[in-house]
Amino acid sequence: MKIAIANDHAATALKNHIKNYLEEKGYEIVNFGTDTEESVDYPIYAHKVCRAIQEKTVDKGILICGTGLGMSMAANKEKGIRAALCAEPFSAKFARQHNDANVLCMGARVIGTGMAREICDVFLTEEFAGGHHSPRLQMIREIEDGTFGD
Ligand code: RB5
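Here, residues in each chain are numbered from 1, in the same order as that chain's written sequence. Local features are withheld for residues below a pLDDT of 70 in this predicted model, meaning they are given only at 70 or higher, and side-chain atom pairs are given and counted only at 80 or more; totals for whole chains, interfaces and linings count all residues. Each side-chain value is worked out from all heavy atoms of the structure, with water and hydrogens disregarded.

A short note on the site of the ligand
For step 1, the next point in the chain: Around the ligand lies a shell formed by Asp-8, His-9, Ala-10, Tyr-42, Cys-65, Gly-66, Thr-67, Leu-69, Gly-70 and Arg-109.
For step 2, the next point in the chain: In this structure, Thr-67 approaches the ligand through a main-chain N or O atom, which is 2.9 Å from an oxygen atom.
For step 3, the next point in the chain: Note that an oxygen atom of the ligand is positioned 2.8 Å from one of the backbone N or O atoms of Gly-70.
For step 4, the next point in the chain: Exposure was quantified through the Shrake-Rupley algorithm and a 1.4 Å probe, taking into account, for residues, occlusion by the shown protein chains and nothing else. For the ligand, whose accessible area on its own is 290 Å², the fraction buried by protein is 72%.
For step 5, the next point in the chain: Charged means Asp, Glu, Lys or Arg here, nonpolar means Ala, Val, Leu, Ile, Met, Phe, Trp, Tyr, Cys or Pro, and polar covers whatever is left, Gly included. Taken together, the residues of the shell around the ligand break down into four nonpolar, four polar and two charged. Only heavy atoms are used to decide nearness, and a residue is near a molecule or strand if one of them lies within 4 Å of it. Distance and chemistry together define a polar contact, namely a pair of N or O atoms within 3.5 Å, with one atom able to donate a hydrogen and the other to accept it when in protein, and with adjacent residues in sequence counting only for side-chain atoms on both sides.

The structure is reproduced here in structure tokens:
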């Protein structure tokens, strides 16, 4: 599985940790994030990862900033992106099973490396359950397109 990862200055250390961890597990990781702690603007990096997903050059994305909030807000403005901000594995599991999330967001100032590893493990292995969850995703697409009926 090919994963795009990106971060801002608040999350360079956690990005490096997760990148190494996932590469050791056999994932192919494409790093779109900053590699320094010099202040940068997180929407630029969210956009790079979302673009890779939209162009289908990667399977999923991981975005990390200080809280994960800015990255998730920016990513969820992108067409076809369902970004889930997770601080524990339970949410990551259902972000995949019920919401078919294609981007995982995390906050480097919120969680530690061990929790981040577990969240990634769950997010990257759980599958979308389909069934009655599918029409709900279609509704999200219609909201995104402006075609959702009142
Ligand atoms: C950067 O200081 C911080 O605002 C950013 O990493 C993120 O937490 C934004 O949501």
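Side note on the packing of aromatic side chains
For step 1, the next point in the chain: Between the rings of Phe, Tyr and Trp (Trp by its six-membered ring), a pair exists once the centres lie within 6.5 Å; its type follows the angle of the planes, with under 30 degrees stacked, over 60 edge-to-face, and the other angles tilted. Within the structure shown, the criterion is met by one aromatic pair.
For step 2, the next point in the chain: Across from the ring centre of Tyr-21, 5.7 Å away, lies the NZ or CZ of Arg-117, which sits over that ring. Remark: a charge is flagged as sitting over a ring if the NZ atom of Lys or the CZ atom of Arg is within 6 Å of the ring centre and within 35 degrees of the ring normal.

Brief notes about the packing of helix 1 (residues 12–24) against helix 5 (residues 113–125)
For step 1, the next point in the chain: Axes here mean lines fitted to C-alpha atoms, for a helix over just the part in contact, with angles spanning 0 to 180 degrees between N-to-C directions. Numbering of helices and strands runs from the N terminus; a helix is a DSSP stretch of H or I covering at least four residues, while a strand is a stretch of E covering at least two. Remark: helix 1 packs on helix 5, axes separated minimally by 10 Å, with the N-to-C direction vectors making an angle of 50 degrees. Accordingly, the angle class assigned to the pair helix 1 and helix 5 is oblique. Considering how the two elements wind past one another, helix 1 and helix 5 form a crossing that is right-handed. Residues Leu-14, His-17, Ile-18, Tyr-21 and Leu-22 of helix 1 form the contact with helix 5, whose own contacting residues are Thr-113, Ala-116, Arg-117, Cys-120, Asp-121 and Leu-124.
For step 2, the next point in the chain: The residue makeup of the contact of helix 1 with helix 5, split by class, is seven nonpolar, two polar and two charged. We call two directions roughly parallel when the angle between them is under 35 degrees, roughly antiparallel when it is over 145, roughly perpendicular when it lies between 65 and 115, and oblique otherwise. Take the far helix as your reference; a near helix turned counterclockwise from it by less than a right angle gives a left-handed crossing, and one turned clockwise gives a right-handed crossing. Residue contacts are counted whenever heavy atoms from the two residues lie within 4.5 Å of one another.

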